[in-house]
Amino acid sequence: MSDKVAVLVAGSWGTAIASVLAENQLDVTLWSRNEQQVAEINNEHRNHRFLGDIELSPRIRATTSMEEALHETRAVFVVAPSASMREVALQMRPFLRQETILVHATKGFEATTLRRMSTVLAEELPQYDPYSIVVLSGPSHAEEVIKQCPTTVVVASENTEAAEAAQDLLINSYFRVYTNPDVIGVEVGGALKNIIALGAGLTDGLGYGDNAKAALITRGLAEISRLGTAMGGNPLTFAGLAGIGDLVVTCTSKHSRNWRAGYTLAQGEPLETVLQQMGMVVEGVKTTQAAYRLSREYGITMPIADELYAVLFEGKSAIAAAQDLMGRGRTHEIEEVAKPVQTKWFG
Ligand SMILES: NC(=O)C1=CN([C@@H]2O[C@H](COP(=O)(O)OP(=O)(O)OC[C@H]3O[C@@H](n4cnc5c(N)ncnc54)[C@H](OP(=O)(O)O)[C@@H]3O)[C@@H](O)[C@H]2O)C=CC1
Ligand SMILES: O=C(CO)COP(=O)(O)O
């Protein structure tokens, strides 16, 4: 079998995944639309804009040719921002073979259709078996993976063999990979945690302290689980790496772009300026709009996501949003407690 694998788009996460694969003795072709970046990766073994001075393995070769990237490749890892997933998939269509293992590592929904990323891939790649698409997610900042810090992730697919094939390619002594059959839960958990991370950045920016952040993480998880379960995810997935695991890292890490965006917003910067300054994708902004619509579509209460929507898009102050969250009507922590439990003993 070929030792060639492809990674599509050379952003921070794509380059970090390419480094894990190169460490595992695979020959990695890293596709980018940017010729200057391709030259820098091939000649200087660096991707300076996204990962600074870190030296990349010579096993990573960059190209702007999708045909070259996908030619006789054993696996392809798609790591485009959610907004570009459909466009990248369209470019893959003429060259992707059915035997290739297809993994995506993107965290978000398509803004217009509210589709999950695996659905977008399935729609644009009709020659590919949709049940074999693999999703990679979990607590994994590129800046730490590239330095080989211990990291755990999950690969999910309805096709166990496909998930295990992706696991085999990625797993090593610092990158531990678990499998999970729950594609929906893993995708929804990975996307929605970015909303809560933006909120955590706002909370920290306002100086609200650790109690508030713990509250946000915990009640945020309740919202993620509610919507994720309604969309068809397994509730247990949200207690795993793609749920609480990713939520914790994104809400507490200095590397998180979503946390940083929230923190800067709390300093009074307008959203557009914050996003421009970041120069990297902040998925949580569009995901807040998606969650706003999805929660209504599924009839799910998501007070934190709603307040964040009001702050980002309706000019509400973060302080007023926090006050409104704290002043909500009394409720139960665990929804089931509110319902009378029917058992065979009580009739
Ligand atoms: N960074 C991280 O630690 C992690 C990120 N993720 C997820 O990975 C996904 C990608 O994020 P990340 O790598 O951080 O993003 P970055 O902002 O670091 O990089 C985005 C990359 O996408 C490229 N790109 C954007 N649009 C297109 C397009 N239409 N065609 C080709 N290339 C395109 C950009 O190229 P150009 O420079 O030419 O614009 C850039 O190289 C996101 O969904 C994110 O949530 C998941 C886990 C960890
Ligand atoms: O998903 C991530 C870590 O698991 C990256 O989060 P940010 O996009 O907020 O940096």
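Definitions and cut-offs
- Starting from 1, residues in each chain are numbered consecutively following that chain's sequence as written.
- Throughout, the order in which chains and ligands are written sets their labels, letters from A for the former and numbers from 1 for the latter.
- Confidence filtering applies because this is a predicted model: local features only for residues at pLDDT of at least 70, side-chain atom pairs given and counted only at 80 or more, and all residues used for totals across whole chains, interfaces and linings.
- Proximity of a residue to a molecule or strand is defined by its backbone-placed C-beta atom lying within 6 Å of that partner.
- By the criteria applied, helices consist of DSSP H or I runs no shorter than four residues and strands consist of E runs no shorter than two, each listed in order from the N terminus.
- Gly is put with the polar residues, along with every residue not named as nonpolar or charged; the nonpolar set is Ala, Val, Leu, Ile, Met, Phe, Trp, Tyr, Cys and Pro, and the charged set is Asp, Glu, Lys and Arg.
- Start and end positions for the domains come from either an automated domain assignment or a database one.
- Two strands pair under a simple rule: DSSP has to find at least two bridges between them.
- Every axis corresponds to a line fitted to the C-alpha atoms, with the helix fit spanning only the stretch in contact, and the corresponding angles, defined between N-to-C directions, vary from 0 to 180 degrees.
- UniProt positions are given in the numbering used here, feature names are shortened, and annotations may be inferred rather than shown by experiment.
- Put simply, a residue is buried when 20 or more other C-beta atoms lie within 10 Å of its own C-beta and exposed when 12 or fewer do; between those, it is partly exposed, and each C-beta is set from the backbone.
- Working definition of a contact: two residues with C-beta atoms, positioned from the backbone, lying within 7 Å.
- To form a nonpolar core, buried Ala, Val, Leu, Ile, Met, Phe, Trp, Tyr and Cys residues must be joined through C-beta atoms within 7 Å.
- Oblique is the label for any angle not covered by the other classes, which are roughly parallel (under 35 degrees), roughly antiparallel (over 145) and roughly perpendicular (65 to 115).
- Should the near helix be turned counterclockwise from the far one by less than a right angle, the crossing is left-handed, whereas a clockwise turn marks it as right-handed.
- By this rule, a helix spans an expected 1.5 Å times one less than how many residues it contains.

## Some words on the site of ligand 2
In step 1: Within the structure, ligand 2 sits among 14 residues, and Ser140, Thr250, Ser256, Arg257 and Asn258 are positioned closest to it.
In step 2: Those elements giving two or more residues to the shell around ligand 2 turn out to be helix H9 (183-205), helix H11 (241-252) and helix H12 (257-266).
In step 3: Per element, the largest residue contribution to the shell around ligand 2 is 3 residues, and it comes from H11.
In step 4: Split by residue class, the shell around ligand 2 holds 3 nonpolar, 7 polar and 4 charged.
In step 5: For the shell around ligand 2, the domains that each give at least three residues are domain 1 (4-181) and domain 2 (186-329).

## Side note on the site of ligand 1
In step 1: The local shell around ligand 1 holds 26 residues, among which Gly11, Trp13, Ser84, Ala142 and Met280 are the closest.
In step 2: Contributions of two or more residues to the shell around ligand 1 are made by helix H1 (12-23) and helix H5 (85-92).
In step 3: Looking at the shell around ligand 1 element by element, the count peaks at 3 residues for H1.
In step 4: In the shell around ligand 1, the residues fall into 12 nonpolar, 10 polar and 4 charged.
In step 5: Counting contributing residues, the shell around ligand 1 receives three or more from each of domain 1 (4-181) and domain 2 (186-329).

## Comments concerning the sheet that holds strand E5 (residues 101-104)
In step 1: Here 8 strands make up an open sheet; going across it, the order is E3-E2-E1-E4-E5-E6-E7-E8 and the pairing mixed. Looking at the sheet topology across the chains shown, the edges are occupied by strand E3 (60-63) and strand E8 (175-180). Between one strand axis and the next, the sheet turns through 25° on average, direction left out of account.
In step 2: Pairing analysis gives 2 bridges linking E5 to strand E6 (residues 134-137), with the strands arranged parallel. Within E6, the position partnered with Val103 by the bridge is Val134.

## Overview of the UniProt feature "domain: Glycerol-3-phosphate dehydrogenase NAD-dependent C-terminal" (unreviewed entry) in the protein chain
In step 1: Mapped onto the present numbering, the UniProt feature "domain: Glycerol-3-phosphate dehydrogenase NAD-dependent C-terminal" (unreviewed entry) falls at residues 182-321.
In step 2: Across residues 182-321 one finds 75% helix and 0% strand; the C-alpha atoms that close the span lie 33 Å apart.

## Side note on the environment of Leu170
In step 1: Structurally, the position occupied by Leu170 is in helix H8 (residues 160-170).
In step 2: Look at Leu170 and you get buried, because 23 C-beta atoms sit within 10 Å.

## Observations concerning the UniProt feature "active site" (unreviewed entry) in the protein chain
In step 1: Per the UniProt record, "active site" (unreviewed entry) is found at Lys193.
In step 2: You can see Lys193 is positioned in helix H9.
In step 3: Here Lys193 falls in the buried class, since 34 other C-beta atoms lie within 10 Å of it.
In step 4: The residues touching Lys193, leaving out its near neighbours within four places in the chain, are Ile224, Asp246, Leu247 and Thr250.

## Let's talk about the nonpolar core
In step 1: Residues Leu8, Val134 and Ala166 are the most contacted members of the largest nonpolar core, which totals 106 residues.
In step 2: Residue contributions to this core reach at least three from each of two domains, namely domain 1 (4-181) and domain 2 (186-329).
In step 3: With residues up to four places along the chain from it excluded, the contact list for Val134 reads Ile101, Leu102, Val103, Val155, Ala156, Ser157, Ala162, Ala163 and Ala166.

## Re the environment of Ala62
In step 1: Its location among the elements puts Ala62 in strand E3.
In step 2: C-beta crowding within 10 Å serves as the criterion here: with 26 such atoms nearby, Ala62 is assigned to the buried category.
In step 3: Distance from Ala62 to Trp31, taken between C-alpha atoms, is 5.7 Å for residues 31 residues apart in sequence.
In step 4: In contact with Ala62, not counting residues within four places along its chain, are Ala10, Leu30, Ser32, Val38, Ile41 and Asn42.

## As for the packing of helix H15 (residues 303-313) against helix H16 (residues 318-326)
In step 1: The contact between H15 and H16 brings their axes to 9 Å, and the two run at 160°. Between H15 and H16, the interaxial angle falls into the category roughly antiparallel. The crossing of H15 and H16 is right-handed. From H15, Pro303, Ile304, Glu307, Ala310 and Val311 reach across to H16, where they touch Ala318, Ala321, Asp324 and Leu325.
In step 2: Considering only residue class, the contact of H15 with H16 consists of 7 nonpolar, no polar and 2 charged.

## Let's talk about H1
In step 1: Over its 12 residues, H1 extends 17 Å from the first C-alpha to the last, a length consistent with the 16 Å expected when each residue adds 1.5 Å.
In step 2: Most of H1 sits out of view: 11 of its 12 residues are buried.
In step 3: Regarding H1, the residues found buried are Ser12, Trp13, Gly14, Thr15, Ala16, Ile17, Ala18, Ser19, Val20, Leu21 and Ala22.
In step 4: Following H1 by one or two positions, Gln25 adopts a phi angle in the positive range, close to 65°.

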